[in-house]
Protein chains: 2
Amino acid sequence: MRKYFFFFLFSFLIDGFVSAQSREVLTIREYGTKNAGNIINEFAEFLSFPNVAANPAGQQQTAAFLMTMMSKRGIQKVQLLNASTAGAPPAVYGEVIVPGAKQTLIFYAHYDGQPVNPAQWAKGLDPFQPKLFSKAIDKGGLPIPFPTDGSYTNDWRIYARGAADDKAGVDAILNAYDAIRKSKLTPGCNLKFFFEGEEEAGSPHLNEILEKYRSLLQSDLWIICDGPVHQSGKKQIVFGVRGDTHLDLTVYASKRPLHSGHYGNWAPNPAMMLAKLLASMKDENGRVTIKGFYDDVIPLSPSERKALEEVPSVDTQMEKELGISAVEMQGVTLSEAINQPSLNINGMQSGNVGKMASNQIPTFATAVLDLRLVLGNDWKRQQQKVIDHIKAQGYYITDSEPTDNEREKYAKIIKVIPGQDGINAQRTSMDLPIIQKVIAAVKATSKEQIVLQPTMGGSLPLFLFEKYLNAKTVTVPIANHDNNQHAENENIRIGNLFDGIETMASLMLIK
Amino acid sequence: MRKYFFFFLFSFLIDGFVSAQSREVLTIREYGTKNAGNIINEFAEFLSFPNVAANPAGQQQTAAFLMTMMSKRGIQKVQLLNASTAGAPPAVYGEVIVPGAKQTLIFYAHYDGQPVNPAQWAKGLDPFQPKLFSKAIDKGGLPIPFPTDGSYTNDWRIYARGAADDKAGVDAILNAYDAIRKSKLTPGCNLKFFFEGEEEAGSPHLNEILEKYRSLLQSDLWIICDGPVHQSGKKQIVFGVRGDTHLDLTVYASKRPLHSGHYGNWAPNPAMMLAKLLASMKDENGRVTIKGFYDDVIPLSPSERKALEEVPSVDTQMEKELGISAVEMQGVTLSEAINQPSLNINGMQSGNVGKMASNQIPTFATAVLDLRLVLGNDWKRQQQKVIDHIKAQGYYITDSEPTDNEREKYAKIIKVIPGQDGINAQRTSMDLPIIQKVIAAVKATSKEQIVLQPTMGGSLPLFLFEKYLNAKTVTVPIANHDNNQHAENENIRIGNLFDGIETMASLMLIK
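As recorded in an unreviewed UniProt entry, chain A goes by the name Peptidase M20, listed as coming from Flavisolibacter tropicus.

Here it is, written out as structure tokens:
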């Protein structure tokens, strides 16, 4: 890291100009390099607290440790924000009031992680015993001890649940403030900190917390530190998220499994029925054929369109990495694709396969559909379009197991369970003055292009901030894109953690 | 049962004519009624030996008990017929040579049963502790003790693995001979008995046994006692079986699971690809659209066509029983359907469904196809038609996990594993003199229509008898059609067991 620091300084010097903002970034960087040992030691301890919903005690310990981290840094009003619903994991709050500051930024990250199945993790890895590796394990990384001299290398990785998603976010935010403070700098605005405790459960009580603590949580902008940087490795700022909703479909056939010899060709096969139904939803080029599916979409603004055009293409890189040689919609780039509503099969099942397969006609076939939404879509309306399409294929739709009466009356029966926790898309205009400052602040931390994404492909309940607080949001992610988010072997690249500290500090210095 | 006996006798008397054959049947029936207690006691003991492949010791005990049953009945040359492959479950053989007899019938049943999952059986049921019920459990049947006075009712049922499939067949055959012997009747032909021990495993060593014991197993006709009577409850004779073969399909997409938000609409979804591929195999009316799929079929002969027309329609009854109100091919009856080659999805799977579902794009999607064949089809040729169809949909076909090189080269990749144990259909002409005698013998046991089925829907490796012994076969099943064959709660209806004894005895009396 030290080498990198001097290179960075040098590259500014040969440009012949170092802005005030860039000078501050250099100060933060130097602080990070000098204090890497302590920062990582504390981070590793933070990672060792189990932060999964299945372990409420572990969640509480995580929150308690987090409050200690905040208090240690002199952050004020450190407290738990409890939802109205008893027992919901609280958010952790704190603030720093800067005399004379005209604006308030509130930094969001979440301290809970995705559920873990330790058996799926690489040999020797425990999700809550952070381990250091020389690089990504699937690229041949080997375990190395945490160095005692605090000398870290950017490509090293720490493996643990939450290492990237999103304890790294929490840690980058808190160390950014620490770096400012200990480098005798002053934040340019008031800072608030909001660390959620059930983001991975779909934020079911976030609305309650926002409503209950409305006045405490006032700000000029929420900065969401969650998710990965661009697949090119470049930093990115994301101005919106896709919405998300689901539909569970179950096609029913015979009440009991039938011998595929004795009844094959005569009895309806629910797997074939479901296959035909699903196949009817997209054309050969991956475009959704459901009536009106793309109708509500609000087009991108000129600056969003320009930003999109400047997003570096990672399509070829990703195709190679993923081992695919064609995309679903020929000629549509990844950036374009995630700016459209989508329909995906998350799972599909009927009867048994492999060694468990038997000569049967199954009794039912089921699929889970994931619908992603963009600005203009409404999640209930989008669900309804799919339901109308299913009806148009001749299906009788029920919300429970079909009765004998229904079975007698209808040839094609499907149970449709629309998800009840849909969220709409959200997008903050890139043209707002405060957003322009955010872009400048992030740009000040890097010689590289900063990728500006009108929308990320994934979903976060950002519309809640708009709904309950009338607040704007912008997402500034820091994790490496290959962090195994939500899966086994989650990891953070050391370079990304320290870059993240710089990015968050630069934002805190916005005046 | 006694009541039934007198009714039967009376109905013959008012017809004013009792043939010699029918008089013999009445003798057999009387024997069955008088000896029901002993017959069921022995049967229950036979059922208590575990006869599943997973329990070789249980299989050996079953075979040993079966040999004792045969020896007790004075059957000669009782012996195990071992395959050339060591360790394969042996067949059990025995014979009765009748002086002056001109023909030899060989009776086939199998003593092994389908694997069991006791957890799936009804509460209180153990697959190898036979229990008596007042009627079918799913029709409200209650457990009753085995009567000590040997007085049984036709609608009672015995629950145990193998109760119907196919220890009932073994038991009916042995008690038929016992009834003839103890009633001082003489079989009309030489009798041979062949009880297979691995039918439920797909008879992998039957070919070896038939080849090795070719001369011992010479006969004029194999009578296969396996499977259920007609769904109408009427007895049936089945002259052929459909062939069977399988294909395992796996469509590949991204090498690692992808977030359906970040990559949805861009990355190919293997579940959708598989759905489209499967959907392309049948039209909206359930007819297989694969090129040449129906081309090789040898049409039914005039007598087969006539028999087919006389098969009682059970379509309405079965639709009601199964809770379906439309069949796959509109206007095609069950009888017609099973005289055509079929394509069925036995199982289909991609990602996860229900509570395990997650916002992912799965890495692969898999399906198991079951192809049934009729006379004229060749199983390898039929597989090839499906493979050619898949190719025509633009797929690159491999037989293992795709390599990086293949992934780079081909947009649509599928692994196809064709089953290696396919069997062709078999059909014995109804016009042969010996077959005419069989039909007459079964007709002599009932006032009801005897259903003559050119082909059963299911598959048995009957072509092996033709191939290795140049032998004819005919199938005379005895079990109730709702016997839960191959599933939990297998059962035999008492009336069907005793009807079966009569049927088998009537066949043994053929001259």
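Let us now look at the sheet that holds strand β21 (residues 491-493) of chain A. All names here are of chain A. Spatially, β5-β4-β6-β21 is the arrangement adopted by the four strands of the open sheet, whose pairing is antiparallel. Strands with a single pairing partner mark the edges of an open sheet, and in this sheet they are β5 (143-144) and β21. With three bridges joining them, strand β4 (residues 131-133) and strand β6 (residues 157-159) adopt antiparallel strand pairing. Each residue of the ladder has a partner; that of Leu-132, found in β6, is Ile-158. Here helix α14 (residues 494-508) sits on the sheet and contacts β4, β6 and β21; the angle it forms with β21, its principal contact strand, is near 70 degrees.

Our next topic: the relation of the copies chain A and chain B. Superposition record for chain A on chain B: RMSD 0.0 Å, screw rotation 180 degrees, translation along axis 0.0 Å. Taken together, the rotation and translation describe the operation of a two-fold axis. Take the interface residues of chain A: 100% of them recur as interface residues in chain B, which is what a same-surface contact looks like.

Attention now goes to the environment of Val116(A). All names here are of chain A. Position of Val-116 relative to the elements: it lies in the loop between β3 (104-110) and β4. A C-alpha to C-alpha distance of 23 Å links Val-116 and Ala-172, two positions 56 residues apart in sequence. For Val-116, the residues in contact, after removing those within four places along its chain, are Val-52, Trp-121, Pro-127, Phe-128 and Arg-161.

All right, on to the UniProt feature "domain: Peptidase M20 dimerisation" (unreviewed entry) in chain A then. Here, the residues flagged by UniProt with the feature "domain: Peptidase M20 dimerisation" (unreviewed entry) are residues 250-393 of chain A. Measuring from the first to the last C-alpha atom of residues 250-393 of chain A gives 14 Å, for a span that is 31% helix and 19% strand.

What follows covers the packing of helix α13 (residues 433-443) of chain B against helix α15 (residues 494-508) of chain B. Residues and elements named next belong to chain B. Running from N to C, α13 and α15 cross one another at 140 degrees; their axes reach a closest spacing of 8 Å. Here α13 is positioned oblique relative to α15, judged by the angle of their axes. For the pair α13 and α15, the sense of crossing is right-handed. Side by side, α13 and α15 meet where Val-438, Ala-441 and Val-442 of the first sit next to Thr-503, Ser-506 and Leu-507 of the second. Looking at the contact of α13 with α15 residue by residue, the class counts come to four nonpolar, two polar and no charged.

What follows covers the sheet that holds strand β6 (residues 157-159) of chain B. Whether parallel or antiparallel, the strands of a sheet pair through hydrogen bonds between backbone atoms. Residue and element names in this part refer to chain B. Taken in spatial order, the four strands of this open sheet run β5-β4-β6-β21, and their pairing is antiparallel. Here the strands that pair on one side only, and so sit at the sheet edges, are β5 (143-144) and β21 (491-493). Contacts between α15 and the sheet are confined to β4 (131-133), β6 and β21, with β21 contributing the most and set at about 70 degrees to the helix.

The geometry of a pair of packed helices is captured by two quantities: the angle between their axes and the separation between those axes. Residue and element names in this part refer to chain A. Contact geometry for helix α2 (residues 20-47) and α14: axes closest at 10 Å, N-to-C directions at 130 degrees. As summarised for this structure, α2 and α14 are arranged oblique, according to the angle between their axes. As α2 runs across α14, the sense of the crossing is right-handed. Counting all contacts with α2, which are made through Val-25, Ile-28, Arg-29, Gly-32, Ala-36, Ile-39, Ile-40 and Phe-43, the residues of α14 involved are Ile-494, Leu-497, Phe-498, Ile-501, Glu-502, Ala-505 and Ser-506. Residue classes in the contact of α2 with α14 are distributed as eleven nonpolar, two polar and two charged.

Quick notes on the rules
- Residues numbered from 1 in each chain as written.
- Chains lettered and ligands numbered in written order.
- Predicted model: local features only at pLDDT ≥ 70, side-chain atom pairs only at ≥ 80, totals over all residues.
- Heavy atoms only, no water.
- Pairing = 2+ DSSP bridges.
- Helix = DSSP H or I, 4+ residues; strand = E, 2+ residues; numbered from the N terminus.
- Contact = heavy atoms within 4.5 Å.
- Axes fitted to C-alpha atoms, helices over the stretch in contact; angles between N-to-C directions.
- Least-squares fit on C-alpha atoms with pLDDT ≥ 70 in both.
- UniProt positions renumbered as here; feature names shortened; annotations may be inferred.
- Parallel < 35°, antiparallel > 145°, perpendicular 65-115°, else oblique.
- Left-handed = near helix turned anticlockwise from the far one by under 90°.
- Nonpolar A, V, L, I, M, F, W, Y, C, P; charged D, E, K, R; others polar.

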